[in-house]
2 protein chains.
Amino acid sequence: MTRWARFRAEDGRIGFGAFEEDRIAEFTGDFFASPRPTGAIIPAGKFTLLSPCAPSKIVALWNNFHALGLKLGKPAPAHPMFLIKPGTSVIGPGEPIERPIGYRGKIAYEGELGIVIRRQCKDVDVGSAGDYIHGYTCVNDVTAPEVLNENTDFAQWCRSKGFDTFGCIGPVIAAEFDWQQARVLTTVDGVERQNYPLSDMIMSPEELVSGISHDMTLLPGDVIACGTSLGIGSIRDGSTVEVIIEGIGSLRNALAPGAR
Amino acid sequence: MTRWARFRAEDGRIGFGAFEEDRIAEFTGDFFASPRPTGAIIPAGKFTLLSPCAPSKIVALWNNFHALGLKLGKPAPAHPMFLIKPGTSVIGPGEPIERPIGYRGKIAYEGELGIVIRRQCKDVDVGSAGDYIHGYTCVNDVTAPEVLNENTDFAQWCRSKGFDTFGCIGPVIAAEFDWQQARVLTTVDGVERQNYPLSDMIMSPEELVSGISHDMTLLPGDVIACGTSLGIGSIRDGSTVEVIIEGIGSLRNALAPGAR
């Protein structure tokens, strides 16, 4: 099973390849089409993982898990409900989440499954949507909840979730992944906070790709964050959040310590 | 006064230059840094105007005009309230607005001033924000209002305004532009529907760039749509919307005729 990673080598060069245990078998060519192995192996300690892709946008779902919708008293939607996190919000594994300057409020984590788009995609049906999925990654959909609800006339979804470093993705893109058997586990400083089954999703990855592709063109590398479920909460400056999905890996990001 | 245009030449080549009456003096190099004239003149009829830039995102303001806020009973916000329209929503002058497949509801126009960002911009103060503005363009912030309000629990700002072709910008970027003296005039099939002064803006272009740059990194070519004022409404299939701002030009886009 291929787990694609993007990396920065010691000499500053950015590359991608297949992540195998603790090393990377480098590939070249078009990441999303038919990449070819170069034969080079980058050993452990000689690279830094980057976000596994550089999305033009993250389409982030609201209310896509039965358990959370039930808790909040929100009926299941018939079409994907989403907001957009800009590409500038994206960071990769190990990179710090930065508190926005001047914001003293809570910062919340949301562990989620991310779908990575393989090729340009518009108005596709559910049956063919799988052809447009490159693979799956872990997402921490970081949120500033006091910004979200600051103005009672206008819910600031894009602003509260769009800050730089608030779109954590990685560590890899798992090309083959059986989401129906997997769970999302989120820990804060090692303590379990979320542990929910992906089988509880209201709309499946194929339904999400199809539905959203009827709303806008999805581009190679774009990420759909599938929404979260029970157990979201806030973190302190210096805390580390880990989003773990078996078959993909573990995405760790700390909220940078100290006020700015 | 330089009015920057992007164009497709007869041979398919894409270029940019200074728009002078009905011809283009071609430039080369970095559009946003120090472009140099090539000496070539592309005469009228030998080019098609494109969107004057290719933004990674449009940051679209809600409630940024006193007159509209007063009519809707919404107090003036203290910080820019916005949603994100994806780069895939952008079309240029003369390109058709396409009705989303399966959507039979109203399609609304909103004539607006657009700010085009010159260089990467994060956490800038109001005093220096002008250095990050490349110029100004006209925007038609097209909206599917029935989508916006379809779900009573979640206002679908990004979806209702993010459809492909719903971000009309152009025809040019005016490098020097005195927004305080200008008005936004919007016509539908030649009949005036909006005519409001930009001096009624709640937050000025410099305040918008500064405020939004504290929320996310703005990239060269990104567009801030300054919000609209009185007179918005819906259009029929086949109708032409024209957004006219003296000193910038006229942006015309028709809603493609016929249901899909």
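Since the structure is predicted, the reported quantities are computational estimates derived from the model, not experimental observations.

Chemist: Go over the overall build of chain A, please, and point to the residues and values.
Modeler: Along chain A, the regular secondary structure elements total five helices and 18 strands. Taken against the 2.2 N^0.38 rule, which gives 18 Å for 260 residues, the C-alpha radius of gyration of chain A at 18 Å falls within 12% of a compact globule. For the C-alpha atoms alone, the extent of chain A along its principal axes is close to 55 × 45 × 30 Å. The buried share of chain A, reckoned over its 260 residues, is 51%. Across chain A, the fraction of contacts at a sequence separation of at least 24, relative to all contacts at a separation of at least 6, is 71%.

Chemist: Go over the pairing of strand β2 (residues 14-20) of chain A, please, and point to the residues and values.
Modeler: Residue and element names in this part refer to chain A. In this sheet, β2 lies alongside strand β1 (residues 3-9) in antiparallel orientation, the contact comprising five bridges. Directly across from R6, in β2, lies its bridge partner F16. The hairpin formed by β1 and β2 contains four residues between the paired strands, and G12 there has a positive phi angle of roughly 95 degrees. Two successive antiparallel strands, β2 and strand β3 (residues 23-28), enclose a turn made up of two residues, where E21 displays a positive phi of approximately 55 degrees.

Chemist: Quick rundown of the relation of the copies chain A and chain B? Include the residues and the values.
Modeler: The transform that puts chain A on chain B rotates by 180 degrees and translates by 0.0 Å along the axis, for an RMSD of 0.0 Å. Here the symmetry operator amounts to a two-fold rotation axis.

Chemist: I'd love a proper account of the domain arrangement of chain A, names of residues and values included.
Modeler: Residue and element names in this part refer to chain A. We note that the domain assignment places domain 1 (3-50) and domain 2 (57-254) within chain A. Placing a centre on the C-alpha atoms of domain 1 and another on those of domain 2 gives a separation of 25 Å. Tallying the contact residues gives seven residues for domain 1 and 16 residues for domain 2. Per-element tally for the side of domain 1 that touches domain 2: the top contributor is β1, with three residues.

Chemist: Provide a residue-level description of the interface of chain A and chain B, including the pertinent values.
Modeler: Listed as interface residues are 33 residues of chain A and, on the opposing side, 33 residues of chain B. Per element, the largest residue contribution to the side of chain A that touches chain B is five residues, and it comes from strand β7 (residues 81-86) of chain A. Tallied by class, the residues present in the side of chain A that touches chain B amount to 15 nonpolar, eleven polar and seven charged.

Chemist: Go over the sheet that holds strand β17 (residues 240-245) of chain A with me, naming the residues and quoting the values.
Modeler: All names here are of chain A. Taken together, four strands build an open sheet; the order of strands is β14-β13-β17-β18 and the sheet is antiparallel. Since the sheet does not close on itself, it has two edges, and those belong to β14 (191-197) and β18 (249-254), each with one partner. Across the sheet, the mean angle from the axis of one strand to that of its neighbour is 15 degrees, orientation sign disregarded. Bridge count between strand β13 (residues 183-188) and β14: six bridges; the pairing is antiparallel. In the sheet register, L185 faces β14, and the bridge partner there is N195.

Chemist: Give a detailed account of the sheet that holds strand β13 (residues 183-188) of chain B, specifying residues and quantitative values.
Modeler: Residue and element names in this part refer to chain B. Sheet architecture is open: four strands sit in the order β14-β13-β17-β18, paired in antiparallel fashion. For this open sheet the edge positions go to β14 (191-197) and β18 (249-254), each flanked by a neighbour on one side alone. Averaged over all pairs of adjacent strands, the angle between their axes in this sheet comes to 15 degrees, without regard to strand direction.

Chemist: Tell me about the pairing of strand β11 (residues 133-141) of chain B, residues and numbers included.
Modeler: Along any regular strand the residues' side chains alternate between the sheet's two faces. All names here are of chain B. Here β11 lies mainly inside the structure; nine of its nine residues are buried. As paired strands, strand β10 (residues 111-117) and β11 are joined by seven bridges and run antiparallel to one another. Following the sheet pairing, L113 is matched in β11 by C138. One ladder, built from five bridges, connects β11 with strand β12 (residues 167-174); its direction is antiparallel. Looking at the pairing, Y136 lines up with A174 of β12.

Chemist: Would you mind going over the environment of L148 of chain A in detail, with residue names and values included?
Modeler: Mapping L148 of chain A onto the fold places it in helix α3 (residues 145-148). Apart from residues lying up to four places away in sequence, L148 of chain A is in contact with T143, A155, Q156, W157 and S160 of chain A.

Chemist: With reference to specific residues and values, describe helix α5 (residues 205-213) of chain B.
Modeler: Within α5 of chain B, seven of the nine residues are buried, which leaves the element mostly enclosed by the surrounding structure. Inspection of α5 of chain B places P205, L208, V209, S210, G211, I212 and S213 of chain B among the buried residues, and these make up the whole buried set.

Chemist: So what's going on with the environment of E146 of chain B? Which residues, and what values?
Modeler: Residues and elements named next belong to chain B. Looking at the element boundaries, E146 is found in helix α3 (residues 145-148). Judged by the 15 C-beta atoms lying within 10 Å of it, E146 is partly exposed. Expressed as a C-alpha distance, the spacing of E146 and G105, which sit 41 residues apart in the sequence, is 6.1 Å. Setting aside residues no more than four positions away along its own chain, E146 makes contact with G105 and K106.

Conventions and cut-offs
- Residues numbered from 1 in each chain as written.
- Chains lettered and ligands numbered in written order.
- Predicted model: local features only at pLDDT ≥ 70, side-chain atom pairs only at ≥ 80, totals over all residues.
- Helix = DSSP H or I, 4+ residues; strand = E, 2+ residues; numbered from the N terminus.
- Rg over C-alpha atoms; globule rule 2.2 N^0.38 Å.
- Buried ≥ 20, exposed ≤ 12 C-beta atoms within 10 Å, placed from the backbone.
- Contact = placed C-beta atoms within 7 Å.
- Pairing = 2+ DSSP bridges.
- Least-squares fit on C-alpha atoms with pLDDT ≥ 70 in both.
- Domains from an automatic or database assignment.
- Nonpolar A, V, L, I, M, F, W, Y, C, P; charged D, E, K, R; others polar.
- Axes fitted to C-alpha atoms, helices over the stretch in contact; angles between N-to-C directions.

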